[in-house]
Amino acid sequence: EERLMFLDREQAKLWAAMSAFQNGFVFLEMEQYLSAQQCFKAVTSEFPDCHEAWANLGYARLMLYCDGLDTDDLKRYGIGQIVTGGFYSRPESLEAKVRGTDEKLWKEAVKALEKALALQSDLVLPRASLGIAYLVHPEGKNVKKAKKYFAEGLDRLQKDPEVKKNPQGLVALLVNAGVADLAGGDVEEAGRKFRAADDLTSNQPLSAAVRTMEEAILYRSEEQTSELQS
């Protein structure tokens, strides 16, 4: 993209934005969410109609927000384990400065995700991220809204062609939708979604990400079984 930027000077901004988007994607995979946020923010500044960049910007901000939650925050939500991009280690001397719920960051994440949907109404992945956002709302989980966004995402699977290229994203959507069902007391529906997610992971090449998702599905399935027995 950087070479093409110099070759095609009339489209220099476009190629620069594409390069920034690719860098942001790499940072997301590496769980470097602050760097990813800067990349996607640069894309949306130049091309505010790029719904993919808005969706990824919202996801990066949401992961930053989730990284700021401590053990007490997670206990307060009482939702158990969800599947996200995960968390990475920080120096202990800095943890006190970054831990805790950040309502402003949460609102910025939601705003970016909603912008993506305003530009492209049938997107699945921003709805999946919004579902997670309402499970970890700064004032406490909002199961009703979380279930709404997860359901809307599942209803639009055939309308968003990008999801077919992202089976791990679909697995995460099913698991997190099941988490919301459990939080709302719908144990049997949660089990159905966990089984569907398990079927999908069994068809994926084994990788660290797939192994992590399998562990999360097993954990949630065991919790769902325990709820049924009780």
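Since the model is a prediction, treat every value here as computed from it, not as a measurement.

**Topic: the overall build of the chain**
Within the chain one finds 13 helices and 0 strands. For the chain, the proportion of its 230 residues judged to be buried stands at 41%. Taking the intrachain contacts of the chain between residues at least 6 apart in sequence as the baseline, contacts between residues at least 24 apart amount to 63%. For the chain, the accessible area works out to roughly 12,700 Å², and carbon and sulfur atoms hold 50% of it.

**Remarks on unusual backbone geometry**
Peptide bonds are, in most cases, trans, and in most cases residues other than glycine have a negative phi. For Glu31, which is not glycine, the phi dihedral falls at a positive 65 degrees. For Glu31, the location among the structural elements is in the loop between α2 (12-29) and α3 (33-46). By relative accessible area, which is 22% here, Glu31 ends up partly exposed.

**Points about the packing of aromatic side chains**
Within this structure, the stated rule accounts for 3 aromatic pairs. On the numbers, 5.2 Å between centres and 80 degrees between planes, the contact of Phe21 with Phe40 is edge-to-face. Of this pair, Phe21 sits in helix α2 while Phe40 sits in helix α3; the two residues are 19 residues apart in sequence, bridging distant segments of the chain. On the basis of relative accessible area, Phe21 is assigned to the partly exposed category, the value being 23%.

**Examining the packing of helix α8 (residues 125-135) against helix α9 (residues 143-155)**
Interhelical geometry of α8 versus α9 gives an angle of 165 degrees and a closest axis separation of 8 Å. When the axes of α8 and α9 are compared, the pair comes out roughly antiparallel. By crossing handedness, the relation of α8 to α9 is classed as left-handed. Between α8 and α9, the contacting residues are Arg127, Ala128, Leu130, Gly131, Ile132, Tyr134 and Leu135 on the first element and Lys145, Ala146, Tyr149, Phe150, Glu152 and Gly153 on the second.

**Digging into a negative patch on the surface**
On the surface, Asp198, Asp199, Glu214 and Glu215 cluster together to form a negatively charged patch. Among the secondary structure elements, those contributing two or more residues to the negative patch are α12 (187-201) and α13 (208-229). If you trace the backbone, Asp199 turns up in helix α12.

**Brief notes about α3**
The end-to-end C-alpha distance of α3 is 20 Å, a good match for the 20 Å that 14 residues give at a rise of 1.5 Å each. Among all positions of α3, only Tyr33, Ala36, Gln37, Cys39, Phe40, Val43 and Thr44 are buried. Within α3, the buried residues cover an arc of 165 degrees as seen down the axis, which keeps them to one side. Of the surrounding elements, those touching the buried residues of α3 are α2, α4 (51-67) and α7 (103-119).

**What about the side chain of Arg127?**
As for its position among the elements, Arg127 is in helix α8. Those residues in contact with Arg127 that sit more than four places away from it in its chain are Leu117, Ser121, Asp122, Tyr149, Glu152, Gly153 and Arg156.

**Examining the confidence of the model for the chain**
The share of residues in the chain with pLDDT of 70 or more is 83%, and the mean pLDDT across the chain is 82. Note on residues 86-98: pLDDT is under 50 here. Beyond four places in sequence and across chains, it has 14 contacts.

**Quick word on the packing of α4 against α7**
Running from amino to carboxyl end, α4 crosses α7 at an angle of 160 degrees, the nearest separation of the two axes being 8 Å. The angle between α4 and α7 places the two elements in the roughly antiparallel class. By crossing handedness, the relation of α4 to α7 is classed as left-handed. Contacts from His51, Trp54, Ala55, Leu57, Gly58, Tyr59, Arg61, Leu62, Leu64 and Tyr65 of α4 reach α7 at Leu105, Trp106, Glu108, Ala109, Ala112, Leu113, Lys115, Ala116 and Leu119.

**Quick look at the pattern of salt bridges**
What the rule picks out here adds up to 10 salt bridges. With its nearest N and O atoms 3.1 Å apart, the salt bridge here joins Glu152 to Arg127. Highlighted residues: Glu152 in helix α9 and Arg127 in helix α8, separated in sequence by 25 residues. Looking at Arg127, the relative accessible area reads 7%, which means it is buried. The salt bridge partner of Lys147 is Asp181, with a shortest N-O separation of 3.6 Å. Residue Lys147 is found in helix α9, and its partner Asp181 is found in helix α11 (residues 167-183); the two are separated by 34 residues along the sequence. Of the residues examined, Asp181 reaches a relative accessible area of 4% and is grouped as buried.

What counts and how
- Residues numbered from 1 in each chain as written.
- Predicted model: local features only at pLDDT ≥ 70, side-chain atom pairs only at ≥ 80, totals over all residues.
- Heavy atoms only, no water.
- Helix = DSSP H or I, 4+ residues; strand = E, 2+ residues; numbered from the N terminus.
- Buried < 20%, exposed > 50% of the residue type's maximum accessible area, 1.4 Å probe, protein only.
- Contact = heavy atoms within 4.5 Å.
- Areas by Shrake-Rupley, 256 points an atom, 1.4 Å probe, with all protein chains shown as cover.
- Phe/Tyr/Trp six-rings, centres within 6.5 Å; stacked < 30°, edge-to-face > 60°.
- Axes fitted to C-alpha atoms, helices over the stretch in contact; angles between N-to-C directions.
- Parallel < 35°, antiparallel > 145°, perpendicular 65-115°, else oblique.
- Left-handed = near helix turned anticlockwise from the far one by under 90°.
- Patch = residues over 30% accessible without salt bridge, like charges linked within 9 Å, V, L, I, M, F, W, Y side chains within 5 Å.
- Salt bridge = Lys/Arg side-chain N within 4 Å of Asp/Glu carboxyl O.
- Lys, Arg positive; Asp, Glu negative; His and termini not counted.
- Charge placed at Lys NZ, Arg CZ, Asp CG, Glu CD.
- Expected span 1.5 Å × (residues − 1).
- Arc of directions from axis to C-beta.
- pLDDT = per-residue confidence, 0-100.

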